[in-house]
Amino acid sequence: MGNESRTALVEFQIREENASQAEWLEVWKPRGQDALEGEPDTVAYGATVNVENELNVLIFERYANGDESLAAHMDRPAHDDLMKALGERNMTKRRVMSTVFNDIPGYGWWGRGPAGASQQAGHLLVIIGMRFGDDAQRDRFIEISGEHAKYCYENEPDTLIYSGGIATGDADREIDLKEGELVFVMACTSQEAAQKHAEDPNHLAVGGKLEEAGVNMEVTFMRTYRSTEFGYLWRE
């Protein structure tokens, strides 16, 4: 797939008869710390929990140089250690879903906030799939929402991530996502911050701009997670 900046989303379900959420995360914890300390090109590697099912853990991963960075990540002894530790106790029931998308250069931002914010528990992470009538409409959406992102960056300090990418292939299960479609990612400090963003008049005005531009968009999925103290959502 090349060496573009890339995001991977991999969601697992904990086998509850063998492990609690806390136990699973504690086993995963050293892998997140190893990535932080030893993988400069792994620019995000955070464990987040699905708000609708506490047994589902999404690992939010970003790689600065695509395949090259991912290969370095997979080659770490800590990665083998994690697979072995989870396997010996049979702690994971299944992979719920996984998908990969190439980040859109210059579109929004992938992290900000006070020191330590990227490793703080309780942030809200929202992943949205968007389908358009054609690529031209998708690109027009990126242009219009990219302009709005500049407003959000200046006026919404509690919006921590506001960006997205283009799916490199169809999602393998559970979510409706096809190659070439847009995956939008937003993180906020809280549900209240997300609500404030949604109700901002400037945000509401984006809908009218899209309509005027002839952009037809379908939201194909939306999943929401809360960050944990394990791993990091961006490099500080």
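About the thresholds
- For every chain, the first residue of the written sequence is number 1, and numbering continues from 1 along that sequence.
- Given that this is a predicted model, residues contribute local features only at a pLDDT of at least 70 and side-chain atom pairs are listed and counted only at 80 or more, while totals for whole chains, interfaces and linings are drawn from all residues.
- Hydrogen atoms and water are omitted, and side-chain values are computed over all heavy atoms in the structure.
- For every residue, the accessible area obtained with a 1.4 Å probe (protein chains only) is divided by the maximum for its type, and the residue is called buried under 20%, exposed over 50%, and partly exposed between those limits.
- Helix and strand assignments come from DSSP, with helices taken as H or I runs of at least 4 residues and strands as E runs of at least 2, each series counted from the N terminus.
- In this context, the arc is that of the directions from the helix axis out to the C-beta atoms.
- Note on definitions: a residue-residue contact is assigned when non-hydrogen atoms from the two residues lie within 4.5 Å.
- Aromatic pairs are defined between Phe, Tyr and Trp rings, using the six-membered ring for Trp, whenever the two ring centres lie within 6.5 Å; interplanar angles under 30 degrees are classed as stacked, those over 60 as edge-to-face, and all others as tilted.
- Two limits define a charge over a ring: the Lys NZ or Arg CZ must be within 6 Å of the ring centre, and within 35 degrees of the ring normal.
- We call a set of buried Ala, Val, Leu, Ile, Met, Phe, Trp, Tyr and Cys residues a nonpolar core when their side-chain atoms join them within 4.5 Å.
- Here an axis means a line fitted to C-alpha atoms, over the contact stretch when the element is a helix, while the angle between two N-to-C directions is reported on a 0 to 180 degree scale.
- The scheme is simple: roughly parallel for angles under 35 degrees, roughly antiparallel for over 145, roughly perpendicular for 65 to 115, oblique for anything else.
- In this classification, Asp, Glu, Lys and Arg are treated as charged, Ala, Val, Leu, Ile, Met, Phe, Trp, Tyr, Cys and Pro as nonpolar, and every other residue, Gly included, as polar.

Under the annotation held in an unreviewed UniProt entry, the protein carries the name ABM domain-containing protein and is attributed to OM182 bacterium MED-G24.

Q: I would appreciate a short explanation of helix α5 (residues 191–199) in the present structure.
A: Owing to its 3.6 residues per turn, the α-helix brings residues three or four apart onto one side. Ala193, Ala194 and His197 are the residues of α5 that are buried. Looking straight down α5, one finds its buried side chains confined to an arc of 100°; they lie on one side. Facing away from the buried surface of α5 by more than 90 degrees, the exposed residues are Glu192, Lys196 and Glu199. Against β5 (124–132), α4 (135–155), β6 (159–167), β7 (182–188) and α6 (201–212) lie the buried residues of α5.

Q: What exactly am I supposed to notice about the packing of aromatic side chains here?
A: Two numbers describe a pair of aromatic rings. These are the distance of the centres and the angle of the planes. Enumeration over the complete set of coordinates arrives at 7 aromatic pairs. Consider the rings of Phe12 and Trp24, whose centres lie 6.1 Å apart with planes at 35°: the pair is tilted. Here Phe12 is found in strand β1 (residues 6–14), whereas its partner Trp24 is found in helix α1 (residues 21–38), with 12 residues between them in sequence. Take Trp24: its relative accessible area is 1%, and that puts it in the buried class. Here the aromatic residues Trp109, Tyr153, Tyr162 and Phe184 are joined through ring pairs into a cluster of three or more. One residue, Arg112, lies across the ring of Tyr153, its end atom 4.2 Å from the ring centre.

Q: Even after reading the chapter, I still don't get the side chain of Thr7, so can you show me in this structure?
A: Mapped onto the secondary structure, Thr7 falls in strand β1. In this view, Thr7 contacts Phe60, Glu61, Arg62, Thr99, Val100, Phe101, Asp103 and Trp110; residues no more than four positions away in its chain are not counted.

Q: What am I meant to see in the nonpolar core here?
A: One recurring pattern in soluble globular proteins: nonpolar side chains tend to sit buried together. One finds Met130, Phe141, Ile142, Tyr162, Leu182 and Phe184 to be the most contacted residues of the largest nonpolar core, which totals 24 residues. Broken down by secondary-structure element, the contributors of at least two residues to this core are β5, α4, β6, β7, α5 and α6. With sequence-adjacent residues up to four places away left out, Ile142 is seen in contact with Ile104, Tyr107, Ile166 and Leu182.

Q: I'm lost on the packing of α5 against α6 in this one. Help?
A: Relative orientation and spacing of two packed helices are given, respectively, by the angle between their axes and the distance between those axes. At a minimum axis separation of 4 Å, α5 and α6 run at an interaxial angle of 50°. Classed by the angle they form, the pair α5 and α6 counts as oblique. Contacts between α5 and α6 involve His197, Ala198 and Glu199 from the former and Pro201, His203 and Leu204 from the latter. When its residues are assigned to classes, the contact of α5 with α6 shows 3 nonpolar, 2 polar and 1 charged.

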